[in-house]
Amino acid sequence: MDPVISSFSEPCFEEFISHINDPRVQGRCLHRLSDVMVIGFCAVLCGAEGFTEIEEWALVKEDWLREFLELPNGIPSHDTFLRVFSLVDPREFEAAFMGWAQSVAQRRHEHISLDGKSVAYANDQGRQNFPVHLVNVYAHDAGVFLGQLKALNPGAGEVAAVKDCLDFFDLKGCLISVDAGNTYPSVARNILEKGADYLFPIKGNQKQLREDIKQEFRERVESAGSVQSLEENHSRIDRRSARVLMFRSSEHLPKVKSIIEITREREQKVRRRQEEKPCIVNTHYYASSRRLSAINALFLVQQHWKIENSLHWVLDVAMLEDQCRVRAMIAAENLSLIRKLATNIVKKDTTPRRSVRRKLKMAAWDQAYLENLLFS
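Rules and cut-offs
- All residue numbers refer to positions counted from 1 along the written sequence of the respective chain.
- Note on the predicted model: pLDDT of at least 70 is required for a residue's local features to be given, and 80 or more for side-chain atom pairs to be given and counted; whole-chain, interface and lining totals, by contrast, use all residues.
- As a rule here, side-chain values cover all heavy atoms of the structure and leave hydrogens and water aside.
- Note on classification: 1.4 Å probe, protein chains only; a residue is buried when its accessible area is under 20% of the maximum for its type, exposed when over 50%, partly exposed between these limits.
- Put simply, DSSP marks the helices as runs of H or I at least four residues long and the strands as runs of E at least two long, and each gets a number from the N terminus on.
- Paired strands, as defined in this entry, are two strands with at least two bridges between them according to DSSP.
- For helices, the fitted axis covers only the stretch in contact; all axes are lines through C-alpha atoms, and the angles between them, taken along N-to-C directions, range from 0 to 180 degrees.
- We call two directions roughly parallel when the angle between them is under 35 degrees, roughly antiparallel when it is over 145, roughly perpendicular when it lies between 65 and 115, and oblique otherwise.
- Every residue pair with non-hydrogen atoms within 4.5 Å of one another is taken to be in contact.
- In this count, Pro and Cys sit with the nonpolar residues alongside Ala, Val, Leu, Ile, Met, Phe, Trp and Tyr, while Asp, Glu, Lys and Arg are called charged and the others, Gly among them, polar.
- By definition, the crossover connecting two strands over a helix is right-handed if that path, from the first strand to the second, turns clockwise as seen with the strands pointing away from the viewer.
- Only one rule defines a salt bridge in this text: a Lys or Arg side-chain nitrogen within 4 Å of an Asp or Glu carboxyl oxygen.
- Working definition: the arc comes from the directions between the helix axis and the C-beta atoms, pointing outward to the latter.
- To qualify as a nonpolar core, a set must consist of buried Ala, Val, Leu, Ile, Met, Phe, Trp, Tyr and Cys residues joined through side-chain atoms within 4.5 Å.

S.K.: Sorry if this is basic, but what is going on with the pairing of strand β2 (residues 133-139) here?
M.R.: In terms of burial, β2 is largely enclosed, as 7 of its 7 residues are buried. Here β2 shows no split at all, with H133, V135, V137 and A139 on one side and L134, N136 and Y138 on the other all buried. When strand β1 (residues 111-118) meets β2, the two strands line up antiparallel, connected through 7 bridges. Considered in β2, the bridge of G116 is made with V135. Two strands pair when backbone bridges link them, and β2 and strand β3 (residues 144-151) are joined in this way by 7 bridges, in the antiparallel orientation. Directly across from A139, in β3, lies its bridge partner V144. The turn joining β2 and β3, which pair antiparallel and follow one another in sequence, is formed by 4 residues; a positive phi near 65° is taken by G143.

S.K.: Is there a simple way to think about unusual backbone geometry in this case?
M.R.: Negative phi values dominate among residues other than glycine, just as trans dominates among peptide bonds. Positive phi outside glycine occurs at K255, with the angle close to 55°. Among the residues examined, K255 registers a relative accessible area of 62% and is labelled exposed. At L320, a position not held by glycine, the phi torsion is positive, near 55°. Inspection of the secondary structure assignment puts L320 in the loop between α12 (306-318) and α13 (329-346).

S.K.: Where do I start with the packing of helix α3 (residues 33-45) against helix α4 (residues 51-60) in this structure?
M.R.: Two elements in contact, α3 and α4, have axes whose closest approach is 9 Å; the angle formed by their N-to-C orientations is 95°. Classified by the interaxial angle, the pair formed by α3 and α4 is roughly perpendicular. Only I54, W57 and A58 of α4 make contact with α3, whose side of the interface consists of I39, G40, C42, A43 and V44. A per-class count over the contact of α3 with α4 returns 7 nonpolar, 1 polar and no charged.

S.K.: Looking at this model, I keep getting lost on the pairing of strand β4 (residues 175-178). Mind explaining?
M.R.: Successive side chains on a regular strand alternate, one facing one side of the sheet and the next facing the other. In β4, alternate side chains face the same way, and those of L175 and S177 on one face and I176 and V178 on the other are all buried. Sheet analysis places β1 next to β4, joined by 4 bridges and oriented parallel. The residue of β4 that forms the bridge with S113 is S177. The pairing of β4 with strand β5 (residues 197-202) spans 3 bridges and is classified as parallel. Opposite I176, over in β5, you have Y198 as the bridge partner. The β-α-β motif built from β4, the intervening helix α9 (residues 185-193) and the parallel element β5 has right-handed crossover chirality.

S.K.: Hey, could you run me through the pattern of salt bridges in this one?
M.R.: Following the criterion strictly, the structure yields 19 salt bridges and no others. Of the charged contacts, one joins R354 and D349 as a salt bridge, the two residues approaching to 3.1 Å between their closest N and O atoms. If you follow the salt bridges from partner to partner, you end up with K117, D316, E321, D322 and R339 in one network.

S.K.: In this structure, what is going on with helix α14 (residues 356-365)? I would like to understand it.
M.R.: Since the α-helix turns once every 3.6 residues, residues separated by three or four places project in the same direction. Turning to α14, its buried residues are V356, K359, L360 and A363. The arc enclosing the buried residues of α14, seen along the axis, measures out at 100°, which places them on a common side. Contact partners of the buried residues in α14: α3, α12, α13 and α15 (367-375).

S.K.: Can you help me understand the nonpolar core in this one?
M.R.: If you look at soluble globular proteins, the nonpolar side chains tend to sit buried side by side. I39, W57, L65 and L114 are the most contacted members of the largest nonpolar core, which has 100 residues in total. Excluding its chain neighbours within four sequence positions, the residues that come into contact with L114 are V135, N136, V137, V162, C165, L166, I176, S177, V178, D179, H304 and I307. Residues I260, I262, L298 and V301 belong to the second largest nonpolar core, which totals 13 residues.

Taken by themselves, the reported measurements are silent on function.
And the structure:
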């Protein structure tokens, strides 16, 4: 067994690596696939943003890397990293990761969100009309990334990738939430067939169902359970109210049991010498196959958007994914998975007030801290 694989603290890591086939011509490779993958991961964990930076980080850390990697021909060049990450089949890489994530889960997840995100500059130098677009899977109870699959394109192109993602996990008893672009009966049926429940936003792509739900809330005002919440920070005040009705049935989505109305009022705090800003009021509607109370519905709807704050925002702001100039789509897709794996690892550090960006810098500055993340 590869010494680095057996050193990692995550159980079954060796199984994850072993499921990735080496696409190169055997006997003509100077560097082992596992060495290239592990160096790439460690460099990204230390803040490297592209393959040139991965090479430069590895050259500085060569003595440390040789403690657990053989490196028979030294450190790979940045061109080698690019070639390898462009050759590894991303579907195989992603499937191996999702199988590994499922095997190391300590418990069945209670709430999983799926949402798409594009990697801005990954478009093979303009040969594609849109950048590489990935559907990400996020477990809210554990606060970790579970997997990704490439979508054909943003919007309706995500649907097939969402369905494929669902096939990788044991979802029995889980609640699955998606964005409005994936609110389709076929997606709902896939979720129900796996013994899970769905929570879908109802927007413009489900006009008739949206009108039916609005009519229900107008007619059954007294029947709706309700709850309110208040959030206040230094710049604004958010007031949310939720109303929930048990729904009879719908021809637009299967087995709808709860319909939800969320009203949000956002008020900007007025500071000296500033004009008063108007209060912004928005109302959104949701449908679920699970019977929900108003307080549970409000919590789950708010929790779904943590995939934006805890994953997508981290990728763009802490790891600068949208500024990465790796344009080769396959390499960018594989590199994005490495970044998300790194976000899972840095969350092992629960030091208060230490952002993900600071944790990446700490890993680069402090070798003991990096080893603690990797091996403890």
